Protein chains: 2
Amino acid sequence: MKKSFVIKGDICYCQSLENLLTIKDGFLVCQDGISQGAFANLPDQYSDFELLDFSNMLIIPGLVDLHLHGPQNHYKGLGMDLELLDWLNTYTFPEEAKFKDLDFAMDKYRLFVEEIKRSPSTRLSIFASLHLPATILLMDLMEESGLISYVGRVNMDRNGGADLEEDSAEDSVNTTLAWLEAVKAKGYERTFPIITPRFIPSCSDQLMDSLSKIRSSYKLPVQSHLSENQGEILWVQDLCPGSKSYADAYDQFKMLGFQGLKTIMAHCVWTSPEEEELLKDKDVFVAHCPDSNTNLSSGIAPIRRFLDNGLKLGLGTDVGAGSSLSIFKAMVDAIQVSKMYWRLVDQNAKALSAKEAFYLGTLGGGEFFGKLGSFAEGYEFDCLVVDDSRFSPWSEWNIEERLERVIYLAQDSDLVSKFVRGRKIF
Amino acid sequence: MKKSFVIKGDICYCQSLENLLTIKDGFLVCQDGISQGAFANLPDQYSDFELLDFSNMLIIPGLVDLHLHGPQNHYKGLGMDLELLDWLNTYTFPEEAKFKDLDFAMDKYRLFVEEIKRSPSTRLSIFASLHLPATILLMDLMEESGLISYVGRVNMDRNGGADLEEDSAEDSVNTTLAWLEAVKAKGYERTFPIITPRFIPSCSDQLMDSLSKIRSSYKLPVQSHLSENQGEILWVQDLCPGSKSYADAYDQFKMLGFQGLKTIMAHCVWTSPEEEELLKDKDVFVAHCPDSNTNLSSGIAPIRRFLDNGLKLGLGTDVGAGSSLSIFKAMVDAIQVSKMYWRLVDQNAKALSAKEAFYLGTLGGGEFFGKLGSFAEGYEFDCLVVDDSRFSPWSEWNIEERLERVIYLAQDSDLVSKFVRGRKIF
């Protein structure tokens, strides 16, 4: 498949948190899957590249979803009247347990991957379940989709109930090693394993210690949940009496950034300033999941504080506690909860602007994947073409205004084309 | 057009705030536009009615949108980084002023009415603009759509700026009278005028006094805005030094419920307990517009308190400060902000359940239109047929669970059919 071409259209991307670059009728050059930059006039050296003309359409980087659960997609929008721990026990654990059955998993995962293929995300970091065959199945489907993702087989050797719990730490470790070897044998090009302890209440100390060693020896990133709900935090205090905080408990197990290996922590709603320092020191990526945090009545993460203090930060849909696979919606939700945080909690915490939310969903989360989320020279070429003419048949808005309207209004059906590392998905 | 028939499907409607009735494979009887009730087995006397078989689809009452702005639809999702008064001056007033041009109005209103026709709403209460010809045009289009609505020509004789302000109270009154006479001459069957002072800052005392007299003599309802934003409230205190509160100011002009004539007040975010008493005494319908209140950083209305105290309450999309015409989304937003209110403001104010939000969007707001929002015998037959098979191809959820998922996930394209007072819209 040819991965060198030029796209013409109305280009829009973040250069930094505050700096949005727009070019009307601009040219975007992709060479072997890497952006050569965005130009008002096409440089001569690219004049023989194939030109894909998307004039009048909005051309933006692919979006990044730092946190979602594959096995929860088929019941998203259900049980939203419950809080986290009740929701887990009533819907999540029983449904996730069914992924033991590979036919069931095939039905659900096939629709899940079809949906994310049509969504604005080009990169994702996904929780599967504890089931090895179903996790490999999901990775096969993701590989086939053309999207680039991390997928984690979930570790949980306690507190899952009879149907969703591994027999022992040893059993969990052995299955993890078998999974990693199976993945190696598969030789995926765009689907990567990530160590995934569900959260501390689900993993014994012994298991966490072992996972940390596996992580170092296989050189893998980690994803987990941190400080989502106040009941959960009290539980972790009980479970880890020797830790100063929930984040410190993960750190004691070397599960935060470690030896240059990355970590994503979802939520961080109730993170204290001391924990925040730790997350910053350890280069943790915070996956902000505002829809989920509202649906489960968890609270509002102090995102302005995180930004001001220079934490690494991206967005997650957190399906199924989030009800949508769209990172555009996550941008809106992030803006909205930041406004409520400003109004109701801290009038010094300025609300997020549309531009800042766009940054979080592109460059912010993109950094987890390397040079991603921008069209600057040298960035991997993930790109969305959005036909926004249905919102503005009168062409009366400038590109930045159109971007805001796309964030608020775009549906999957408004996406005309999607490229991942230069490869056309549709 | 035949307005007597039977619908077969999975029926779901509220009998009260807490009481949801569901019938799997039930029968819903419409006779001359009026519901004869929902039945598990079809009573003999209706056996010769035409049967519309929507088996396995969800059959629910049409939704009610108590507050939105027709002239704001074409720029929804824009300028959301501003607060109310800045947003009005930067986008709303300049855009609304353009409705002076009837060609411009035709372009925008035609798309607006097409969109609400495809939306889940069957009844609406709409602000037009101050322009008489454009308001009549909107009413013509609404009449043609088959939906039932109130439409208000907006009165504003101060603080609109040079381009969106009537010359004087007298001028505003005369145009209102001319509009009401024009409407009378039109003889609409389902499109009704409603007195619409924009809000107190836009209307002089003299104008309010005159509108109140017109209201009494024409026997018309009123719609306006109340206590949306703290800056606005301070402004009203300055403008009406003789009033005890913003609500009291409207009451002094006899603009709340009066002589059996109804009133809708949008927002009521910062309503005090004393004002709440007044709204209750005067039978005011509060139009709760959570998306708008979040987008403009206005705050969160104390909906649980309103419900506990027995206020009349429905939902509004408030497009364009709200970004969507879907009352399903307004239900989700109402649930979400009530959760944040509970978490961040008042732990005694229990969050709204999905069922309660569904009540607000059907029976709650429906009462403004009479017997509406239920399928109980004697209610007007407004009905939506929703194909939710795309969310649950495995038929694994009961009707109440499916309703929750429809609220969170349904898009207009999931609506298979829509009836208003027994008339099929599509």
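Structure shown above.
Residues numbered from 1 in each chain as written. Chains lettered and ligands numbered in written order. Predicted model: local features only at pLDDT ≥ 70, side-chain atom pairs only at ≥ 80, totals over all residues. Heavy atoms only, no water.

Asks: Just checking my understanding: could you explain the side chain of A:Arg215 for this structure?
Replies: Residues and elements named next belong to chain A. In this fold, Arg215 is placed in helix α5 (residues 205–218). We note that Arg215 is buried and unpaired, the nearest opposite charge coming from Asp251 at a distance of 8.1 Å. Among the polar contacts listed, one links the side chain of Arg215 to the backbone oxygen of Lys254, at a separation of 3.1 Å. There is a polar contact of 3.1 Å between the side chain of Arg215 and the backbone oxygen of Leu261. Among all residues touching Arg215, those that are not within four sequence positions of it are Ile195, Leu220, Pro221, Val222, Lys254, Met255, Leu256, Gly257, Phe258, Leu261, Lys262 and Thr263. (Helix = DSSP H or I, 4+ residues; strand = E, 2+ residues; numbered from the N terminus. Buried < 20%, exposed > 50% of the residue type's maximum accessible area, 1.4 Å probe, protein only. Lys, Arg positive; Asp, Glu negative; His and termini not counted. Salt bridge = Lys/Arg side-chain N within 4 Å of Asp/Glu carboxyl O. Polar contact = N/O pair within 3.5 Å; in protein donor to acceptor, adjacent residues only side chain to side chain. Contact = heavy atoms within 4.5 Å.)

Asks: What is the right way to read the pairing of strand β13 (residues 285–288) of chain A from this model?
Replies: If a strand is regular, its side chains alternate between the two faces of the sheet. Residues and elements named next belong to chain A. Here β13 shows no split at all, with Phe285 and Ala287 on one side and Val286 and His288 on the other all buried. Where strand β12 (residues 263–267) lies against β13, three bridges are found, and the strand directions are parallel. Residue pairing in the sheet places Ile264 in a bridge with Phe285 of β13. Two strands pair when backbone bridges link them, and β13 and strand β14 (residues 312–315) are joined in this way by four bridges, in the parallel orientation. Considered in β14, the bridge of Phe285 is made with Lys312. (Pairing = 2+ DSSP bridges.)

Asks: Can you walk me through the sheet that holds strand β7 (residues 148–152) of chain A in this structure?
Replies: In a beta sheet, neighbouring strands are held together by backbone hydrogen bonds and run either parallel or antiparallel to one another. Residues and elements named next belong to chain A. Spatial ordering of the open sheet is given by β5-β6-β7-β9, a layout of four strands whose pairing is parallel. Since the sheet does not close on itself, it has two edges, and those belong to β5 (63–69) and β9 (191–193), each with one partner. Taking the axes of each pair of neighbouring strands and ignoring which way they run, one obtains an average angle of 20 degrees across the sheet. Across three bridges, the pairing between β7 and β9 is parallel. Bridge pairing in β9 places Ser149 opposite Thr191. (Axes fitted to C-alpha atoms, helices over the stretch in contact; angles between N-to-C directions.)

Asks: Sorry, what's going on with the interface of chain B and chain A here?
Replies: Interface size, as often reported, equals the accessible area lost upon joining of the parts. Residue-level contacts link 47 residues of chain B with 47 residues of chain A. Buried area between chain B and chain A, summed over both chains or domains, comes out near 4100 Å², and the portion from carbon and sulfur atoms is 55%. Between chain B and chain A we count four salt bridges in total. Close ionic contact of A:Glu83 with B:Arg343 constitutes a salt bridge, the shortest N to O distance being 3.2 Å. Taken together, the connections running from chain B to chain A amount to 28 residue pairs in polar contact (both at pLDDT 80 or more). Ranked by residue count, the leading element in the side of chain B that touches chain A is helix α11 (residues 327–344) of chain B, at six residues. (Buried area = accessible area lost by both parts, 1.4 Å probe.)

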